2 protein chains.
Amino acid sequence: MKGRSLLMIPGPIEFEPEVLRALGAPTTSHVAPNFIETFGNSLELMRTVWMAPTGQPFIISGSGTLAMDLAGANLIEPGDKALVVSTGYFGERYANLLSRYGAQVTIVSAEMGHVVGIDEIETVLKADQYKLLTFTHVDTSTGVRMDPQAIGALGKKYGVLTVLDGVCSVAGEEIRQEEWGLDVVLTASQKAIGVPPGLALLVASQAAMKAFHSRSTPVSNYYGDWSNWLPIMEAYEARKPSYFATPPVNHVAALEVSLEMIAAEGMEARFARHKEFADTFRSAVKGWDMSIVPREESNSANTLTAVYYPEDLDGNDFRMKVVKAGVIIAGGLLKGKPGYFRVGHMGAVNRNDIHATITAIDHALKQCRS
Amino acid sequence: MKGRSLLMIPGPIEFEPEVLRALGAPTTSHVAPNFIETFGNSLELMRTVWMAPTGQPFIISGSGTLAMDLAGANLIEPGDKALVVSTGYFGERYANLLSRYGAQVTIVSAEMGHVVGIDEIETVLKADQYKLLTFTHVDTSTGVRMDPQAIGALGKKYGVLTVLDGVCSVAGEEIRQEEWGLDVVLTASQKAIGVPPGLALLVASQAAMKAFHSRSTPVSNYYGDWSNWLPIMEAYEARKPSYFATPPVNHVAALEVSLEMIAAEGMEARFARHKEFADTFRSAVKGWDMSIVPREESNSANTLTAVYYPEDLDGNDFRMKVVKAGVIIAGGLLKGKPGYFRVGHMGAVNRNDIHATITAIDHALKQCRS
């Protein structure tokens with residue numbers, strides 16, 4: 001008996017043993033030739049995974065919230081107009097964050113479970129000139145997924161920089177950053193990227209970097225300032241030592257292993273696998289006569305599924321029974337009735353994990369109702 | 001043959017196998033009961049290691065530069081006067097950082113290898129009222145060590161918050177935060193704390209937290225804002241789940257292991273061991289007829305030693321020969337003639353590592369001169 005529960009929450013997730021081994025390997029110097037190669041190779045692999053051949057990748061020690069902060073702090077100057085497309089908890093957070101940097105923020109938001117219509121976004125973009133638009137690709141709080149291709153196109157049409165918060169989507173959901181005209185695609189390591197939490201990751205387009213270089217005010221966040229980090233990313237990619245802050249050596253080594261595995265799987269195959277697992281899980285949900293939080297299945301993420309508890313169920317009791325059956329799932333992040341639970345199915349998760357999760361939920365349901 | 005060089009730079013350092021195993025262990029949920037216990041226990045252990053029984057500890061994903069940024073961003077408001085006591089590279093950095101938050105910065109600095117005199121600091125404090133004073137306890141660029149007890153006393157005497165940059169000192173050099181009246185003692189995980197890079201750590205005094213709560217302007221750094229983090233630290237310490245950003249689960253698990261080992265060694269024994277290793281290494285330096293960068297041995301750190309190359313030596317060639325003998329040492333961080341090298345001797349380093357380093361340098365010297 002391996003004696004460990006399956007971690008099927010929307011991040012952190014199950015990680016590949018090879019990734020964990022790299023994380024726990026003896027640490028090398030941050031300027032040792034083998035580490036410089038690891039860092040440089042990871043930056044290059046990000047361009048492959050992000051599908052952004054001319055983008056500028058950043059790898060920085062911190063959480064996914066830092067990745068959101070990097071885009072906000074570096075691209076917003078006081079007085080800039082920003083449009084936040086909000087589909088839940090993380091849209092609200094982005095509005096707060098951008099306000100902190102002096103942005104005049106307009107929010108268009110959807111009711112829980114709904115997406116914000118592309119038409120609605122276009123109406124707002126027609127009415128005023130915005131510098132920046134942010135949207136949550138997959139909202140971790142609800143499993144609702146927006147359409148990045150349509151939003152990227154709107155950004156190009158109206159001359160607005162688009163920021164895709166991909167904390168719960170990059171390397172799981174289909175994203176073609178450069179083809180779709182997205183200016184910043186950001187994420188954290190612990191979701192579909194497949195590395196324990198501790199890295200803020202993003203790729204910025206040339207247009208985003210140009211906007212950054214055109215700032216007339218300094219970035220009011222020292223640690224997050226791209227002026228400090230850009231020379232470091234450029235140096236490592238040129239396979240030269242450089243220093244601003246000590247990089248998280250073990251984490252970068254683990255990132256390289258995971259990115260290599262992602263690239264070896266291939267992005268198209270990876271997108272298809274995530275869709276297949278999501279379909280499998282949602283079929284089971286239908287069989288239990290439960291309903292998912294996203295109102296339309298086409299707007300439900302492939303990386304996680306949020307499911308309303310049936311009325312006769314005590315949510316906490318149910319989740320505890322799932323844990324006893326060997327699988328950790330997450331509660332809802334938004335309050336309100338009815339409550340809901342969330343299952344993450346991304347990254348290194350395999351078909352057996354999905355099946356084990358379905359069976360554990362099935363057992364727990366029967367126990368609750370017996 | 002274990003096939004790995006000894007990492008004797010001033011961070012990252014050699015880590016305990018138990019710490020690396022915890023870092024590479026399968027990841028648990030950030031709200032799982034066992035992780036909540038790990039996080040809460042780590043916060044409590046920080047108070048022991050920092051000798052700050054009533055301080056407020058923070059554990060945040062990021063580098064040591066983020067730890068410096070946290071103190072600056074949260075304690076400085078535009079127009080505040082700050083005094084930076086600079087003994088090298090990291091003092092200059094702190095001046096830049098505080099200016100970013102609108103501080104009027106005064107720098108008192110010493111020439112390379114010298115400390116700033118306590119009298120000199122007092123003269124400046126007498127002449128004007130400062131809100132904040134920062135100093136680098138051990139400057140990683142030179143190995144120069146300032147006296148924190150004397151500076152803490154000055155802070156109390158003149159009503160100035162004192163920030164000890166302990167990136168290269170906490171858990172190696174003697175620091176009694178509360179007894180010595182130091183308001184913020186900050187560090188990174190990868191030095192004497194003994195955990196691979198990726199955690200910004202600090203303990204703030206009640207006076208520092210009061211100053212933070214008395215701010216009249218918001219913190220202009222979203223990720224670093226203590227308003228976001230304080231409720232999280234309080235919740236984990238009360239053994240309750242909470243969420244702002246996903247904590248670096250594996251790193252916190254590794255931190256708990258290392259802090260437990262530090263506490264088990266005992267702070268007095270740990271200070272004494274670091275002093276003994278530093279003395280051993282410096283005795284060898286004298287035997288080679290080389291001189292250390294700090295002008296007085298009493299101002300030379302116990303965590304690292306910076307040593308000038310003799311005139312007849314090509315520094316790069318010499319360092320390569322040391323690496324070939326199995327030990328990685330670091331070059332100087334400051335430019336200028338003569339050049340110098342740095343040896344870290346902190347944290348999990350043991351007597352054998354020190355002896356192996358001395359022997360490797362000895363061999364390299366003989367080779368260079370043969």
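Bear in mind that the values here come from a model prediction, so they are computed numbers and not experimental data. (Residues numbered from 1 in each chain as written. Chains lettered and ligands numbered in written order. Predicted model: local features only at pLDDT ≥ 70, side-chain atom pairs only at ≥ 80, totals over all residues. Heavy atoms only, no water.)

Assigned secondary structure in chain A consists of 12 helices and 12 strands. Here the C-alpha atoms of chain A give a radius of gyration of 21 Å, agreeing with the 21 Å that 2.2 N^0.38 yields for 370 residues. Projected onto its principal axes, the C-alpha coordinates of chain A cover approximately 65 × 55 × 30 Å. Considering only contacts in chain A between residues 6 or more positions apart, those separated by 24 or more positions represent 71%. Of the roughly 13,100 Å² of accessible surface on chain A, a fraction of 51% belongs to carbon and sulfur atoms. For chain A, the distance from the average position of its 33 positive side-chain charges to the average position of its 40 negative side-chain charges is 3 Å. (Helix = DSSP H or I, 4+ residues; strand = E, 2+ residues; numbered from the N terminus. Rg over C-alpha atoms; globule rule 2.2 N^0.38 Å. Contact = heavy atoms within 4.5 Å. Areas by Shrake-Rupley, 256 points an atom, 1.4 Å probe, with all protein chains shown as cover. Lys, Arg positive; Asp, Glu negative; His and termini not counted. Charge placed at Lys NZ, Arg CZ, Asp CG, Glu CD.)

What follows concerns helix α5 (residues 118-127) of chain A. Residues and elements named next belong to chain A. Within α5, burial applies to Ile121, Glu122, Val124 and Leu125. The arc that holds every buried residue of α5, seen down its axis, measures 160°, which confines them to one face. The exposed set on the far side of α5, more than 90 degrees from its buried face, consists of Asp119, Thr123, Lys126 and Ala127. Considering only its buried residues, α5 is in contact with β3 (81-86), β4 (104-109), β5 (132-136) and α6 (148-158). (Buried < 20%, exposed > 50% of the residue type's maximum accessible area, 1.4 Å probe, protein only. Arc of directions from axis to C-beta.)

Quick look at the packing of helix α10 (residues 267-287) of chain B against helix α12 (residues 351-369) of chain B now. The description of two packed helices rests on the angle between their axes and on the distance between the axes. Residues and elements named next belong to chain B. Between α10 and α12, the least distance of the axes is 10 Å, while the angle of their chain directions is 15°. One way to sum up the angle between α10 and α12 is to call them roughly parallel. The way α10 lies across α12 gives a crossing that is right-handed. Contact with α10, carried on its side by Glu276, Phe277, Thr280, Phe281 and Ala284, involves Arg351, Ile354, His355, Thr357, Ile358 and Ile361 of α12 and no other residues of that element. (Axes fitted to C-alpha atoms, helices over the stretch in contact; angles between N-to-C directions. Parallel < 35°, antiparallel > 145°, perpendicular 65-115°, else oblique. Left-handed = near helix turned anticlockwise from the far one by under 90°.)

Time to look at the sheet that holds strand β5 (residues 132-136) of chain B. Residues and elements named next belong to chain B. Strand order in the open sheet made by the 7 strands is β2-β8-β7-β6-β5-β3-β4, with mixed pairing throughout. Where the open sheet ends on each side, the last strands, each with one partner, are β2 (56-61) and β4 (104-109). Across the sheet, the mean angle separating the axes of adjacent strands is 15° when strand polarity is ignored. When strand β7 (residues 184-188) meets strand β8 (residues 199-204), the two strands line up antiparallel, connected through 5 bridges. When the bridges of β8 are listed, Leu186 appears paired with Leu202. Contacts from helix α8 (residues 226-237) reach β2 and β8, with the element oriented near 110° to β2. (Pairing = 2+ DSSP bridges.)

Our next topic: helix α9 (residues 249-265) of chain A. In this model α9 of chain A runs 25 Å from its N-terminal to its C-terminal C-alpha over 17 residues, within 8% of the 24 Å that 1.5 Å per residue would give. For α9 of chain A, the full list of buried residues reads Val249, Asn250, His251, Val252, Ala254, Leu255, Glu256, Ser258, Leu259 and Ile262 of chain A. (Expected span 1.5 Å × (residues − 1).)

All names here are of chain A. In this structure, the amide linkage connecting Lys337 to the following residue, Pro338, adopts the cis form with an omega of -10°. By the secondary structure assignment, Pro338 is in the loop between β11 (330-331) and β12 (340-344). Unlike most non-glycine residues, Asp289 shows phi in positive territory, near 65°. Considering the arrangement of structural elements, one finds Asp289 in the loop between α10 (267-287) and β9 (304-308).

Contacts between the two partners involve 48 residues from chain B, matched on the other side by 48 residues from chain A. Approximately 3,900 Å² of surface area, both sides summed, lies buried where chain B meets chain A, with 61% of it carried by carbon and sulfur atoms. Per-residue buried area on chain B facing chain A is highest for Thr27, Arg100 and Tyr222 of chain B; these three make up 19% of the total on that side. If you look at where chain B meets chain A, you find 2 salt bridges. In this structure, Arg100 of chain A and Asp225 of chain B form a salt bridge, with 2.7 Å as the shortest nitrogen-oxygen distance. Here chain B is connected to chain A by 16 residue pairs in polar contact (both at pLDDT 80 or more). Contributing elements (two or more residues each) for the side of chain B that touches chain A: α1 (17-23), α3 (64-75), α4 (89-100) and α9 (249-265) of chain B. Among the elements that line the side of chain B that touches chain A, the one with the most residues is α4 of chain B, at 6 residues. The residue inventory of the side of chain B that touches chain A, partitioned by class, reads 25 nonpolar, 18 polar and 5 charged. (Buried area = accessible area lost by both parts, 1.4 Å probe. Salt bridge = Lys/Arg side-chain N within 4 Å of Asp/Glu carboxyl O. Polar contact = N/O pair within 3.5 Å; in protein donor to acceptor, adjacent residues only side chain to side chain. Nonpolar A, V, L, I, M, F, W, Y, C, P; charged D, E, K, R; others polar.)

So, about the relation of the copies chain B and chain A. Aligned on chain A, chain B shows an RMSD of 0.0 Å; the corresponding rotation is 180° and the shift along the axis is 0.0 Å. Given the turn and translation reported, the copies of this chain are related as if by a two-fold rotation axis. With an isologous cut-off of 70% or more, the 100% of interface residues of chain B that recur at the interface of chain A puts this contact in the isologous class. (Least-squares fit on C-alpha atoms with pLDDT ≥ 70 in both.)

Right, let's get into the side chain of Thr134 of chain B. Locating Thr134 of chain B in the fold gives a position in strand β5. Its relative accessible area of 2% is what places Thr134 of chain B among the buried residues.

A separate point is the pattern of salt bridges. Any two side chains of opposite charge can pair, on the condition that their charged atoms come close. Residues and elements named next belong to chain A. In this structure the tally under the stated criterion is 42 salt bridges over all chains. Of the charged contacts in the structure, one is a salt bridge between Glu237 and Arg47, with a shortest N-O distance of 2.6 Å. Highlighted residues: Glu237 in helix α8 (residues 226-237) and Arg47 in helix α2 (residues 33-50), separated in sequence by 190 residues. The exposure class of Arg47 is buried, given its relative accessible area of 17%. Measuring nitrogen to oxygen at the nearest pair gives 2.9 Å for the salt bridge that ties Glu265 to Arg270. Classification of Glu265 as partly exposed rests on a relative accessible area of 27%. Via salt bridges that share partners, Lys275, Asp279, Arg282, Lys286 and Glu297 belong to a single interconnected network.

Looking now at the domain arrangement of chain A. Residue and element names in this part refer to chain A. On domain assignment, one finds that chain A holds domain 1 (6-12 + 267-369) and domain 2 (17-265). Computed over C-alpha atoms, the centres of domain 1 and domain 2 are 27 Å apart. In this assembly, 28 residues from domain 1 lie in contact with 31 residues from domain 2. Across the interface of domain 1 and domain 2, roughly 2,600 Å² is buried in total on both sides, 59% from carbon and sulfur atoms. The largest contributions to the domain 1 side of the interface with domain 2 come from Met267, Arg270 and Phe271, which together make up 25% of the buried area. At the junction of domain 1 and domain 2, the tally comes to 3 salt bridges. For Arg176, the salt bridge goes to Glu268, with nearest N and O atoms at 2.8 Å. One can count 15 residue pairs in polar contact (both at pLDDT 80 or more) joining domain 1 with domain 2. Listing elements by their share of the side of domain 1 that touches domain 2, those giving two or more residues are α10, β9 and β12. Among the elements that line the side of domain 1 that touches domain 2, the one with the most residues is α10, at 7 residues. Tallied by class, the residues present in the side of domain 1 that touches domain 2 amount to 15 nonpolar, 8 polar and 5 charged. (Domains from an automatic or database assignment.)

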